[in-house]
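# Breakdown of the fold
So the chains spell out like this:
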Amino acid sequence: MRRLLVTGVAGLAIAAPLAGCGGSGDEDGTTNQAAPGAEVAPPPLAAPNRRAYDEIERSSGVLRAAAVPVAYGSAPRIVAAGDLNAAARKLARIKPHDPLLRRLRRAVLVALRTAASEGTLEGASAKQVAKAAIGEADRIDAGLRRYAASHPAANG
């Protein structure tokens, strides 16, 4: 009986690797293939659109950084007029092809110039302008997220 059991176990040990599980699919080469398009990089952005996206994003950050201290009361006036004007000059040189990026560029330019203007640098009007600038930066950032959602290459 023991001999029969040992022979049976040995036979199974030899036969099991030969039988396999039957579901590998290796014969036709499909086992390790990704779904179509899963590993295909998105098409690159046109250079003017890439530069515009990056500069709009930077300029929106400059606008927000200048506005937050005034809007939340830690500064009485906008003191970063030089930074705002420099960002506006850089952004003015950018010419995106995409219509959404052109609209966002215009919106940022208006917001930067408004926040940097002499009449809005002090007092209660500075706080109003700062709050409006933060709202505009939020809208611009939402526009950039919409653009990136339809142009995945903008994310990388």
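Refer to the structure presented above.
This section reports on the structure supplied with the text. (Residues numbered from 1 in each chain as written. Predicted model: local features only at pLDDT ≥ 70, side-chain atom pairs only at ≥ 80, totals over all residues. Heavy atoms only, no water.)

### Remarks on the packing of aromatic side chains
For the structure shown, the criterion picks out one aromatic pair. Geometrically, the ring pair formed by Tyr53 and Tyr147 is tilted, given 5.8 Å between the ring centres and 35° between the ring planes. Note that Tyr53 is positioned in helix H2 (residues 47–71) and Tyr147 in helix H5 (residues 123–150), a separation of 94 residues in sequence. By relative accessible area, which is 7% here, Tyr53 ends up buried. (Phe/Tyr/Trp six-rings, centres within 6.5 Å; stacked < 30°, edge-to-face > 60°. Helix = DSSP H or I, 4+ residues; strand = E, 2+ residues; numbered from the N terminus. Buried < 20%, exposed > 50% of the residue type's maximum accessible area, 1.4 Å probe, protein only.)

### Re the packing of H2 against helix H3 (residues 81–92)
Across the interface, H2 lies against H3 with an axial gap of 10 Å and an inter-helix angle of 165°. Comparing their axes, H3 and H2 come out roughly antiparallel. For H2 against H3, the interelement crossing comes out left-handed. Between H2 and H3, the contacting residues are Glu55, Ile56, Ser59, Val62, Leu63 and Ala66 on the first element and Asp83, Leu84, Ala87, Lys90 and Leu91 on the second. (Axes fitted to C-alpha atoms, helices over the stretch in contact; angles between N-to-C directions. Parallel < 35°, antiparallel > 145°, perpendicular 65-115°, else oblique. Left-handed = near helix turned anticlockwise from the far one by under 90°. Contact = heavy atoms within 4.5 Å.)

### Description of the side chain of Asn49
With respect to the element layout, Asn49 can be found in helix H2. Engagement of the side chain of Asn49 in a polar contact is seen with the backbone nitrogen of Asp98, the distance being 3.0 Å. When neighbours within four sequence positions are excluded, Asn49 is seen to be in contact with Pro96, His97, Asp98, Leu101 and Tyr147. (Polar contact = N/O pair within 3.5 Å; in protein donor to acceptor, adjacent residues only side chain to side chain.)

### Some remarks on helix H4 (residues 99–116)
In this model H4 runs 26 Å from its N-terminal to its C-terminal C-alpha over 18 residues, within 8% of the 26 Å that 1.5 Å per residue would give. Along H4, the residues that are buried comprise Leu100, Leu101, Leu104, Arg105, Val108, Leu109, Ala111, Leu112, Ala115 and Ala116. (Expected span 1.5 Å × (residues − 1).)

### Comments concerning the environment of Arg145
Its location among the elements puts Arg145 in helix H5. For the pair Arg145 and Asn155, spaced 10 residues apart in sequence, the C-alpha to C-alpha distance is 9.2 Å.

### Here's the deal with the nonpolar core
One finds Ile56, Leu63, Leu84, Leu101 and Leu112 to be the most contacted residues of the largest nonpolar core, which totals 39 residues. Where this core is concerned, the elements lending two or more residues are H2, H3, H4 and H5. For this core, the leading source of residues is H5, giving 10 residues. The residues touching Leu101, leaving out its near neighbours within four places in the chain, are Asn49, Ala52, Tyr53, Ile56, Pro96, Leu144 and Tyr147. (Core = buried A, V, L, I, M, F, W, Y, C linked by side-chain atoms within 4.5 Å.)

Function cannot be inferred from these measures alone, as they are strictly geometric.
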